[in-house]
Amino acid sequence: MNKVKKVAAIHDLSGCGRVSLNAVIPILSSMGIQTYPLPTAILSSHTQYEEFSFLDLTDQMPLFMEHWKKLGVEFDGIYSGYLGSPRQIAIVEEFIQTFRNPNQLVVVDPVLGDNGHLYKALDNNMVVEMRELVKSADVITPNLTEMCLLLDKPYKNFLSVEELKEDLLRLSEQGPEHIIVTSIQDKDDLKKTFVVAYSKKTNRFWKVWTNYLPAHYPGTGDTFTSIITGALLQGDSLPIALDRAVQFIQMGMRATFGYEYDSREGILLERVLKSLDAPVQINSYELL
């Protein structure tokens, strides 16, 4: 029997801004995947706005888990994003143990920081706990800062190919099958950024690059990992999933960049979601 695949998405929900569940749900739905949202918190806007209301749902998370267990729900994927406390990380670990099955895809986006710094309200205890959570994942998608935090190494803006490969291998030793590192600058061409990835099963390294745009849109990390999750569940290989995610982000940013627009709201997903139904142009990934 053909059925719609299901993903448990463990993220916060922000009323203003295309981030977290506001990005995850429409993207996975557009890719033919049903989302079971498990909200970690509800905010009036994401945290890059100066003021916002915040409702912590940590105490509700185990209740969601118990009810879904009672209903007999089975998930094809489990996907976690920003987590606000070590307790929430522990709940996600328990969720994975409770609902894990042999054919499942577990994706962890270890949201910890950017540009060499931890995000506000996070401390080293979160880093320590996140190192444990990634051991349960099949796929992790840290940015360069988060990769350094997970490996407990000093942050550098630029890394050689040899250093990147060594770091990807070290992360794979912690458990994940696929490691994808985003937001890497090309020191030889600052107008380009790229994503690198390693597949343990095939022992191959991949790279996808894109042109840099001088703009910042919150939620692009959530968008990227959501497309990776959907693509892998649809049966795409790792390099094709990377191509799809990078091309979509680039298209979304270009669709947004020309407008006079409050960039804090994120990329204009509504303008580009239909492109997820189109065949991917497989033309930019390369072996590293």
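Described below are features of the structure shown in this document. Predicted model, so just to flag it, every value in this text is computed and none were measured. (Residues numbered from 1 in each chain as written. Predicted model: local features only at pLDDT ≥ 70, side-chain atom pairs only at ≥ 80, totals over all residues. Heavy atoms only, no water.)

Time to look at the packing of aromatic side chains. Summed over all chains, the structure comprises 10 aromatic pairs. Ring plane angle 85° and centroid distance 5.6 Å describe the contact between Tyr 36 and Trp 68, whose orientation is recorded as edge-to-face. Taken together, the residues Tyr 36 in strand E2 (residues 33-45) and Trp 68 in helix H2 (residues 61-71) connect sequence positions 32 residues apart. Overall, Tyr 36 belongs to the buried group, its relative accessible area being 18%. (Phe/Tyr/Trp six-rings, centres within 6.5 Å; stacked < 30°, edge-to-face > 60°. Helix = DSSP H or I, 4+ residues; strand = E, 2+ residues; numbered from the N terminus. Buried < 20%, exposed > 50% of the residue type's maximum accessible area, 1.4 Å probe, protein only.)

Time to look at the pairing of strand E1 (residues 5-16). The sheet contact formed by E1 and E2 spans 10 bridges and is parallel. Within E2, the residue paired with Ala 9 across the bridge is Pro 37. With helix H1 (residues 21-30) bridging E1 and its parallel neighbour E2, the resulting β-α-β unit is right-handed. Pairing of E1 with strand E4 (residues 77-80) involves 4 bridges; the strand directions are parallel. Paired with Ala 9 across the bridge in E4 is Tyr 79. (Pairing = 2+ DSSP bridges. Right-handed = clockwise from strand over helix to strand, strands pointing away.)

What follows covers the layout of surface pockets. The space that makes up the second largest pocket amounts to roughly 350 Å³. Around the second largest pocket sit 19 residues that line it, and Asp 243, Gln 247, Phe 248, Met 251 and Gln 281 are the ones nearest its centre. Where the lining of the second largest pocket is concerned, the elements lending two or more residues are strand E11 (204-211) and helix H8 (238-257). Counting residues per element, the lining of the second largest pocket draws most heavily on H8, at 7 residues. Across the lining of the second largest pocket, the residue classes tally to 9 nonpolar, 8 polar and 2 charged. (1 Å grid on protein atoms, 1.4 Å probe; cavity = no way out; pocket = protein on both sides within 12 Å on 5 of 7 lines; lining within 4 Å. Points joined across faces, edges and corners; volume = space filled by probe spheres on them. Nonpolar A, V, L, I, M, F, W, Y, C, P; charged D, E, K, R; others polar.)

Function cannot be inferred from these measures alone, as they are strictly geometric.
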